[in-house]
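These are the residues of each chain, in order.
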Amino acid sequence: YSFCTLLVRAMDDAIGGCMAGLIASCITHPIDTLKTRSITQLGFGHSLYRGFPAVACLSTVGNGIYFGGYSWSSEKLTRAGYGEISTPLVAGAAANLITLLVWVPQDVVKERQQTNNSAQYRTMISTAKSVVKEYGVMHGLYRGFGWSALLYTPMCSAYFLLYESYKKKISKHLGIPLDSLSVSHHAVGGFLCGGVSAAITTPVDYLKISRRPIANKYSDGKMQRTLK
């Protein structure tokens, strides 16, 4: 493929990732709020959509970077001679590491809003300013980045490896090209691979959220306390 072709394909995947991510976030955000408040042991008294503006703004951008970056990386790696296993592993890892620059601050702001109801956390901007003022940028907005990189990167690599394997197997079973797979085929594959990922990421989320600047008994971020 030419550079322009690669760019167009990456942009297509980025736009699709933005739209799919936004729709998925609209549906799953209340569940995410309940999960966060359950982990932090603060009850379920607040609005289930608190923190959603941060998700709508930043997660949408992050999903675009994530899927566009994966598409670009996988195409370049394939052209460079990487194999069917190494390509999704490396491309998935690269896409995740880049996207964490957006996703980690988004999660910090979202989780702070989900677990606090004071005026200073009423909006996305005021919450970000409050976190930076209290903890700084690196220890505030990017707190938990190391946990996320260490634990999510292998998960993302495994997800794309499973997903690419699924597409090839279903394509061979149906006797159709990969590009001819329907939306339903992709949806089933995403659901199955996402289920495996969700099983892996539940303990990851516990560790990650417990290290964030949230008003709970684990907020000091100590690994020993987090694991107890």
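Our subject is the structure that appears above.
Rules behind the numbers
- Residues numbered from 1 in each chain as written.
- Predicted model: local features only at pLDDT ≥ 70, side-chain atom pairs only at ≥ 80, totals over all residues.
- Heavy atoms only, no water.
- Bend = angle between axes of the 7 residues up to and from the residue.
- Helix = DSSP H or I, 4+ residues; strand = E, 2+ residues; numbered from the N terminus.
- Buried < 20%, exposed > 50% of the residue type's maximum accessible area, 1.4 Å probe, protein only.
- Contact = heavy atoms within 4.5 Å.
- Axes fitted to C-alpha atoms, helices over the stretch in contact; angles between N-to-C directions.
- Parallel < 35°, antiparallel > 145°, perpendicular 65-115°, else oblique.
- Left-handed = near helix turned anticlockwise from the far one by under 90°.
- Nonpolar A, V, L, I, M, F, W, Y, C, P; charged D, E, K, R; others polar.
- Phe/Tyr/Trp six-rings, centres within 6.5 Å; stacked < 30°, edge-to-face > 60°.
- Salt bridge = Lys/Arg side-chain N within 4 Å of Asp/Glu carboxyl O.
- Core = buried A, V, L, I, M, F, W, Y, C linked by side-chain atoms within 4.5 Å.

Now for helix α3 (residues 86-115). Each α-helix turn comprises 3.6 residues. Residues three or four places apart therefore point the same way. When the local axis directions of α3 are compared, the greatest deviation, roughly 50°, occurs at leucine 100. Judged by how many residues are buried, α3 sits mostly within the fold: 23 of 30 residues are covered.

Glancing now at the side chain of glutamine 106. Among the structural elements, glutamine 106 can be located in helix α3. A residue is classified by how much of its surface remains accessible, and glutamine 106, at 4% relative accessible area, is buried. If we ignore the near neighbours within four places in the chain, the residues touching glutamine 106 are Ala54, Val55, Leu58 and Ser59.

Running from amino to carboxyl end, helix α2 (residues 52-79) crosses α3 at an angle of 165°, the nearest separation of the two axes being 8 Å. Taken together, the axes of α2 and α3 lie roughly antiparallel to each other. Crossing of α2 against α3: the hand is right-handed. A class-by-class count of the residues in the contact of α2 with α3 yields 16 nonpolar, 12 polar and one charged.

This structure, assessed with the given rule, holds eight aromatic pairs. Relative to phenylalanine 160, the ring of tyrosine 66 has its centre 5.5 Å away and its plane inclined at 45°; by these criteria the two rings are tilted. Taken together, the positions of tyrosine 66 in helix α2 and phenylalanine 160 in helix α6 (residues 145-174) put the pair 94 residues apart, joining distant regions of the chain. A residue is classified by how much of its surface remains accessible, and tyrosine 66, at 7% relative accessible area, is buried. Ring plane angle 10° and centroid distance 3.7 Å describe the contact between tyrosine 70 and phenylalanine 160, whose orientation is recorded as stacked. With tyrosine 70 in helix α2 and phenylalanine 160 in helix α6, this residue pair connects regions lying 90 residues apart in the sequence.

Scanning all chains against the criterion turns up three salt bridges. Here glutamate 84 ties to lysine 168 by a salt bridge, and the two come within 3.8 Å at their closest N and O atoms. With glutamate 84 in the loop between α2 and α3 and lysine 168 in helix α6, this pair connects stretches of sequence that are 84 residues apart. Of the residues examined, glutamate 84 reaches a relative accessible area of 62% and is grouped as exposed. Judged by relative accessible area, lysine 168 falls into the partly exposed class, the value being 34%. Measuring nitrogen to oxygen at the nearest pair gives 3.4 Å for the salt bridge that ties glutamate 164 to lysine 167.

In this structure, Tyr66, Tyr70, Tyr159 and Phe160 are the most contacted members of the largest nonpolar core, which totals 13 residues. Mapped onto this core, the elements with two or more residues apiece are α2, α3 and α6. Per-element accounting of this core gives the leading share, six residues, to α6. Ignoring any residue separated from it by four or fewer positions in sequence, one finds phenylalanine 160 in contact with Tyr66, Phe67, Tyr70, Pro88 and Gly92. Counting residues in hydrophobic clusters, the runner-up holds five residues, among them Ala54, Val108, Val109 and Val131.

Remember that the coordinates give geometry; whether it matters functionally is a separate question.
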